[in-house]
Each structure stands twice: as structure tokens, then as C-alpha cells.
Amino acid sequence: MTPYARRGVHGQTVETLARRVLSGEIPEGATLDMAALQSELDVSLTALRESLKVLAAKGMVDARQKRGTFVRPRANWNLLDADVLRWQFSESNGTGADLALLRNLGEVRGIIEPAAVRLAATRRTDVDLEALEAALAAMAEESSASHAVESDLAFHRALLAATHNELLERMEMVIESGLAQRDQIVHSAPHSEDPVPSHRAVLDAVRDRDPDAAEHAMRALLDQAMRDLDKVSGPHGPESADGSAEAKDGQAK
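Residues numbered from 1 in each chain as written. Predicted model: local features only at pLDDT ≥ 70, side-chain atom pairs only at ≥ 80, totals over all residues. Heavy atoms only, no water.

### A few points about the pairing of strand E1 (residues 61-64)
Note the cut-off: We treat two strands as partners when DSSP finds at least two bridges between them. Note on conventions: DSSP H or I runs of at least 4 residues are helices, E runs of at least 2 residues are strands, and numbering of each starts at the N terminus.
Relative to strand E2 (residues 68-71), E1 runs antiparallel, the two sharing four bridges. Bridge pairing in E2 links Val-61 to Val-71. Two successive antiparallel strands, E1 and E2, enclose a turn made up of three residues, where Lys-66 displays a positive phi of approximately 75°.

### Thoughts on the packing of helix H2 (residues 34-41) against helix H3 (residues 45-57)
Geometry of a packed helix pair, given as the angle between the helix axes and the separation of the axes. Selection criterion: For every element, the axis is a line fit to its C-alpha atoms; helices are fit only across the contacting stretch, and the angle between N-to-C directions ranges from 0 to 180 degrees. Throughout, the term roughly parallel applies to angles under 35 degrees, roughly antiparallel to angles over 145, roughly perpendicular to angles from 65 to 115, and oblique to all others. A contact between two residues is defined here by any heavy atoms of the two lying within 4.5 Å. Residues are grouped as follows: nonpolar covers Ala, Val, Leu, Ile, Met, Phe, Trp, Tyr, Cys and Pro; charged covers Asp, Glu, Lys and Arg; every other residue, Gly included, is treated as polar.
The contact between H2 and H3 brings their axes to 10 Å, and the two run at 105°. For the element pair H2 / H3, the angle class is roughly perpendicular. Across the interface between the two elements, Met-34, Leu-37, Gln-38 and Leu-41 of H2 pack against Leu-45, Leu-48, Arg-49 and Leu-52 of H3. Its residues assigned to classes, the contact of H2 with H3 shows six nonpolar, one polar and one charged.

### Digging into the pattern of salt bridges
Applicable threshold: Here, a salt bridge means any side-chain nitrogen of Lys or Arg that lies within 4 Å of a carboxyl oxygen of Asp or Glu. When a residue's accessible area, from a 1.4 Å probe over protein chains only, is under 20% of the maximum for its type it is buried; when over 50% it is exposed; and in between it is partly exposed.
Enumeration over the complete set of coordinates arrives at 21 salt bridges. Note that Glu-40 and Arg-20 form a salt bridge whose closest N and O atoms lie 2.6 Å from each other. With Glu-40 in helix H2 and Arg-20 in helix H1 (residues 8-23), this residue pair connects regions lying 20 residues apart in the sequence. A relative accessible area of 14% means that Arg-20 is categorised as buried. Salt bridges sharing partners connect three or more residues here, namely Glu-15, Arg-19, Lys-58, Asp-81, Asp-83 and Arg-86.

### Some thoughts on the packing of aromatic side chains
Filter applied, for reference: In this scheme Phe, Tyr and Trp rings, the latter by its six-membered ring, pair at centre separations within 6.5 Å, and the angle between planes marks the pair as stacked below 30 degrees, edge-to-face above 60, and tilted otherwise. In this scheme, Lys NZ or Arg CZ marks a charge over a ring once it lies within 6 Å of the ring centre and within 35 degrees of the ring normal.
Under the counting rule described, the total for this entry stands at zero aromatic pairs. Cation over ring: Arg-67 sits above Phe-70, and NZ or CZ is 3.7 Å from the ring centre.

### Points about H3
Let me state the cut-off plainly: Helices are assigned an expected span. That span is 1.5 Å times one less than the residue count. Think of the arc as the fan of directions from the helix axis to the C-beta atoms.
Between its first and last C-alpha, H3 extends 18 Å over 13 residues, near the 18 Å set by a 1.5 Å rise per residue. Three or more residues of H3 are buried, namely Leu-48, Ser-51, Leu-52, Val-54 and Leu-55. Looking straight down H3, one finds that the buried residues subtend no more than 145° of arc, so they occupy a single side. For H3, the exposed residues set more than 90 degrees away from the buried face come down to Thr-46, Lys-53 and Ala-57. Gly-59 sits one or two residues past H3 and shows a positive phi near 80°.

Rendered as C-alpha cells:
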């Protein structure tokens with residue numbers, strides 16, 4: 001699904017309402033005061049309703065006779081929707097919830113991308129290789145954090161495209177949301193690890209049409225991605241602050 005356009009009054013209204021719901025300012029189960037929102041946001045009732053239709057399509061709100069429009073339980077939200085992911089990161093502001101979401105997305109990537117790269121290794125075309133090479137070359141350039149983010153995204157988009165599976169290609173919306181946020185955190189930090197060698201290993205295996213090597217290289221890349229995040233943000237979850245994540249990695253080796 002194409003991300004929602006944020007332009008114009010309508011787009012701004014959608015963004016405002018979505019972020020209020022995701023932040024808990026408008027909690028789950030709350031019934032919206034349409035008249036108050038219309039006055040506060042300075043929009044017509046029609047525009048407000050059209051904006052809420054966008055959130056309804058993402059499972060965030062619903063409307064019932066006698067009850068009106070209300071916020072649905074989080075369990076009903078389309079959390080894999082690219083806009084919902086973006087809104088969540090926008091509201092989290094680098095908090096523990098932000099990092100937990102990044103790690104959840106990291107686990108999703110760990111399921112999708114190793115399998116996807118196996119397909120890419122057997123189905124890639126010369127055009128696919130050119131796209132991967134271009135992204136890798138851009139990644140190697142000394143530039144800003146935003147440039148590093150975009151080149152990384154381009155590489156992973158090209159990998160999904162190389163599967164020639166249109167459903168896997170659509171997974172770019174899910175992967176990109178977490179990847180972009182992780183990259184912003186990691187590449188903005190000093191002394192971040194060079195991402196080129198790990199991506200080069202993936203590309204070499206795909207070029208060689210070696211699915212086993214491609215999967216191995218992708219898993220190593222994803223492991224590095226989580227280590228880079230831990231270096232910047234610190235370990236998260238049940239691991240202790242004495243470097244348990246690194247210890248686990250050492251045991252794995």
C-alpha cells in the first residue's frame with residue numbers, strides 16, 4: 001500500500017488525529033467529540049469525516065450508531081501499515097517503546113529477508129545486479145546520515161525486487177519503516193561501523209547465484225544491524241547491562 005500523502009489540510013488533519021491516537025492523547029475506546037475537533041482543527045465536518053476514514057481503513061477508529069466515532073483497541077490496528085509505523089516512530093521520540101518497536105521490526109526482517117535473498121540469488125537479473133551495485137556504490141560515498149539512510153533503503157528495495165515476487169516486493173513498506181529509523185539512529189552516531197562490507201557479501205552471493213551463502217550473509221548483516229543499534233542505544237529487554245548481547249554473540253561464534 002502506498003503511504004498516505006501528507007499534503008494539504010486533509011493530510012495534516014489525518015496526521016494530527018493519528019498521532020493523538022498513537023500517543024494515547026485520545027485513548028483506546030474513547031469516543032471522539034466531532035464538534036470539538038472540528039472547531040479546534042478548523043476544518044469542515046466533511047473534511048474531518050474524510051480524514052477519519054483514512055484511520056478507519058487502518059483499523060484505528062470505527063463508527064457506530066448511537067455511539068459515534070471511537071478509537072478501536074490497539075489489537076485491531078494495522079500495525080504493519082507503513083503510515084502507522086511512521087506515526088509510531090514519530091510519537092516515540094527515541095523512548096524505550098521506540099527501541100522495542102525497532103527490535104520487533106528487526107525480528108520481522110530476520111524472518112523475511114533471509115528467505116527473500118535466497119529467491120533473489122536464484123532469480124536475479126542483470127538489471128537487478130545493476131540496481132544493487134548502484135545502491136552499494138552510493139552507500140560507500142562519504143556523505144550525510146540522510147544519504148546513508150537512503151542508499152541503505154535502496155539496497156534492500158533492490159533485493160526485494162530481485163525476488164520477482166510482487167507480494168515480497170510490497171514488504172518494502174514494512175522493512176523500510178524500521179530500517180530508516182534504525183539507520184537514522186545509528187548513522188547519526190559517531191564512529192558507526194562501515195555497512196559496505198556486510199552488504200557487499202550479500203551482493204556477491206546473489207551475483208554468484210548461491211542461495212545458502214546469500215542467506216548466511218544476510219543473517220550476518222542483520223545481526224550486525226542489531227549490534228550497531230545496541231552500541232548506540234544500549235542493550236534492551238532481559239539482557240543485563242554488562243554486555244549480555246555481546247556475550248551471546250560471542251557464544252554464537
